[in-house]
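Structure assessment
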Amino acid sequence: MTNRTFLSGVGMFALAGALVASPAHASGSEAGVDAPDLGNASEDTEASDYRLPISLSTTSSTTVDITPALTSAPIDSFAGFRLEQRSVLDSSIDLNAVLADRIDVGTASQQITPEIFVRDDVGLDASFDAADTQPSVVQMFISRASDGAFFFNCTGSLINPRTVLTAAHCVNFFPSEIYGTVESDAPFAILIGTGPDTQPQADAFLTTGASYSEGGLATSTDVVIHSSSNQGNGELPFPFADIALIAVDEPITDIPSLPILLTPLTELTHVVQVGYGSFGTALGGPGEGSDFLRRVGENMLGALASFADFDDVVFSDFAPNALAGSITQEYYFTDFDWPDRDAAGFDGCDFNGSGPECITVGDVLSTDWFDGDALPREVGTAPGDSGSPLIADELYEFPVAIGVLSGGVSFFDLSGFGLTNPYGDISFYNPLYPFFQFISENTAYKYVSANEGDGVWSDPTRWTQDLDPGFFIDDGTGTLVNGLPGGEEDGIFEVGNSLGTILGVDISGFPDIVSPFGPQPGDPNFGANTPESSVLLGPGSTGFVPQNTDGTPGTAFENPAQYFEVHLNREGTTIVDLDVEIDKLIIDNTDAGFVLPSAFDFTSIIGVEQFAGTAVVDGTLNTSVYVLAGGALEGDGGTIDTNVLFNLQ
């Protein structure tokens, strides 16, 4: 990470010391610090610690100098701008230390370490997702093949049975091809746990090597990092293009997939914030490191903005700051409001156009970045939450993920007061809509269907890729439609969607400037010029044969993991002419036929669902479940090897 300095009315403001942006994937400090007594803010009571000048801290005997920093800079631990890129794999590196570094060190263009911190009057117990309200949200770990070492990592979302969506900075300290299966001799793998408490799964994996279906953890077969931020491709630092996809070795079907929204929001709305990261209360000290528990809270979306928009408010004397190097990529923002800021009576910081002037810690805690007061279960984020979804849960008829957590922003480092994730912190999320092509093209689970007419399974012209049923756009009327945006993605160059206010200033009319620094539209690995991983590039793609593959590590975006859900929903018979493994087969047309000759084996891992048509099984059909809800099932000497066959006719 690099520091930027700005001359303001109160002197030089070092970004690394004040405005902090940090990634959220690693565990935080294990040490707890008692929260100082806030006391009563009335005139006839003594001032609490939060009335002390920000240059002093009563949590230690030494003076702590808290330097103001640029408001719009990203932070790694909500305590300063942090960003560290590790471009090579050193076998001597302690991966746990690598992850810790990413959380605790940072600047404006670095990694972020968000986790769930709750209101002090709500408490930690109330934040535990005991009712499993967010079942699609999963925990990520990293395993090292050389010694079996196991590390906490990040949070992610299951968006289809084989794909976890997360943040790039959770994994791009190594190139994407470092990750893979044990069979592929990959040095590292991402492990996935599910449920409100993942410790039983982790224990089963560590003690017996149990797979997900055996009660353990799912293992990555492939990691695809957006080319703008992947080592060996665009190599942009945090927080640019902070998005990645994880393919897993078994279909995860016991939890629902989370629908995703691939168009920008046009109004502010209520959101859910959730994660497995560090945890604590806002005034209760640095908090605890990541554990196995999922925690959840609520917030209001504060803004859809760029860091250039932030700078144009906080450092308005220098606007437009995009021309001076401020980040112009768009992000979703929330803040962690102090419920007692009005009663406490602090004046807040003064934003005079050349930077923030904050006299007391209470002024920092009282800052209201976006309109609105604290909600009953409002939370902030912290290390370990990175990659978690930002969920718009009230705007549409069902909840949708709109972004993945990148990090946090803070003007001042208050760690000298024992405050690492206090009120006044900002969380920012990488939106999904600028990267819709990357998601659509590189999701591991492929929905495909047979074209009309008769044909054999091995014919590449027989098949067409279909739209993932979990991908949605807003049709412009506030209605969700299963679909993809038109055209090609703009990626880091997406501008023009600013929404909301920052410090009471409406940013919707701010200039739409693409940064003149760094990559430009048309450059390889950026915008629409991202690598194509295979012929399966989204709905309408042809020229492939449905056959599961774990992929082959080697070159990014080549030979990716792909798994198939096959629909025979048009007139015509499909004859199997080779051994096949897919994830799921669905037969759903009166005139559709499926023929498995005696010479071949056919495996459908999740199951076979037949609603109509005719299935002729003369070979061996292996599947977990066969549901015969309609049509005819025939055969001569064939075998259906299944745990259960439901005949619902």
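This section reports on the structure supplied with the text. (Residues numbered from 1 in each chain as written. Predicted model: local features only at pLDDT ≥ 70, side-chain atom pairs only at ≥ 80, totals over all residues. Heavy atoms only, no water.)

Moving on: the state of the cysteines. Taken as a whole, this structure holds two disulfides when the rule is applied. With its sulfur 1.9 Å from that of its partner, Cys349 forms a disulfide with Cys358. Around the S-S axis, the bridge from Cys349 to Cys358 shows a dihedral of about 115° and counts as right-handed. Residue class for Cys349 comes out buried when judged on its relative accessible area of 16%. (Disulfide = S-S within 2.5 Å. Buried < 20%, exposed > 50% of the residue type's maximum accessible area, 1.4 Å probe, protein only.)

What follows concerns the nonpolar core. What tends to happen in soluble globular proteins is that the nonpolar side chains get buried as a cluster. Among the nonpolar cores identified, the biggest contains 67 residues, and Ile260, Phe333 and Ile439 are the most heavily contacted of them. If we skip the residues at most four places from it in the chain, Phe333 touches Leu301, Gly302, Ala303, Ala305, Phe307, Phe310, Phe370, Ile426, Ser427 and Phe428. Ranked by size, the runner-up nonpolar core spans 26 residues in total, among them Ile192, Ile225, Ile246 and Ile252. (Core = buried A, V, L, I, M, F, W, Y, C linked by side-chain atoms within 4.5 Å. Contact = heavy atoms within 4.5 Å.)

As a further point, take the sheet that holds strand S6 (residues 150-160). Strand order around the closed barrel formed by six strands is S5-S6-S7-S10-S9-S8, with antiparallel pairing between neighbours. Adjacent strand axes in the sheet meet at a mean angle of 45°, parallel and antiparallel pairs treated alike. The sheet contact formed by S6 and strand S7 (residues 163-166) spans three bridges and is antiparallel. Across the sheet, Ser157 pairs through a bridge with Leu165, a residue of S7. Against the sheet, helix H2 (residues 199-208) engages S6, strand S8 (188-193) and strand S9 (218-225), with an angle of about 120° to S6. (Pairing = 2+ DSSP bridges. Helix = DSSP H or I, 4+ residues; strand = E, 2+ residues; numbered from the N terminus. Axes fitted to C-alpha atoms, helices over the stretch in contact; angles between N-to-C directions.)

Turning next to the packing of aromatic side chains. Here the structure, examined in full by the defined rule, presents 31 aromatic pairs. Geometrically, the ring pair formed by Phe310 and Phe333 is tilted, given 4.8 Å between the ring centres and 50° between the ring planes. Highlighted residues: Phe310 in helix H3 (residues 307-314) and Phe333 in strand S16 (residues 330-335), separated in sequence by 23 residues. Since its relative accessible area comes to 1%, Phe310 is described here as buried. A residue is classified by how much of its surface remains accessible, and Phe333, at 0% relative accessible area, is buried. Relative to Phe602, the ring of Phe594 has its centre 5.1 Å away and its plane inclined at 75°; by these criteria the two rings are edge-to-face. With respect to class, Phe594 is no different from Phe602; both count as buried. Connected via pairs of aromatic rings, a cluster forms that spans Phe238, Phe307, Phe310, Tyr331, Phe333, Phe351, Trp369, Phe370 and Phe428. (Phe/Tyr/Trp six-rings, centres within 6.5 Å; stacked < 30°, edge-to-face > 60°.)

Now for unusual backbone geometry. Note that the residue after Phe238, namely Pro239, is joined by a cis bond; omega there is 10°. The topology assignment puts Pro239 in the loop between S9 and strand S10 (244-248). The omega torsion of the bond from Ala319 to Pro320 falls at -5°, within 30 degrees of zero and hence cis. Phi angles above zero are rare outside glycine, and Leu503 is one such case at about 55°.

Attention now goes to H2. Within H2, the full set of buried residues consists of Gln201, Ala202 and Ala204. Axial view of H2: buried residues confined to an arc of 160°, hence all on one face. The outward face of H2, more than 90 degrees from its buried face, is lined by the exposed residues Pro200 and Thr207. The inward-facing, buried residues of H2 contact S6 and S8. Backbone geometry just downstream of H2 places Gly209 in the positive-phi region, at approximately 75°. (Arc of directions from axis to C-beta.)

Attention now moves to a negative patch on the surface. On the surface, Glu183, Asp185, Asp550 and Glu581 cluster together to form a negatively charged patch. Position of Glu581 among the secondary structure elements: in strand S32 (residues 580-587). (Patch = residues over 30% accessible without salt bridge, like charges linked within 9 Å, V, L, I, M, F, W, Y side chains within 5 Å. Areas by Shrake-Rupley, 256 points an atom, 1.4 Å probe, with all protein chains shown as cover. Salt bridge = Lys/Arg side-chain N within 4 Å of Asp/Glu carboxyl O. Lys, Arg positive; Asp, Glu negative; His and termini not counted. Charge placed at Lys NZ, Arg CZ, Asp CG, Glu CD.)

A word on the side chain of Thr367. Inspection of the secondary structure puts Thr367 in the loop between helix H5 (361-365) and strand S19 (379-380). The class for Thr367 is buried, based on a relative accessible area of 8%. What Thr367 contacts, discounting residues up to four positions off in sequence, is Arg341, Cys349, Phe351, Gly424 and Leu503.

By themselves, these are just geometric observations and shouldn't be taken as functional.
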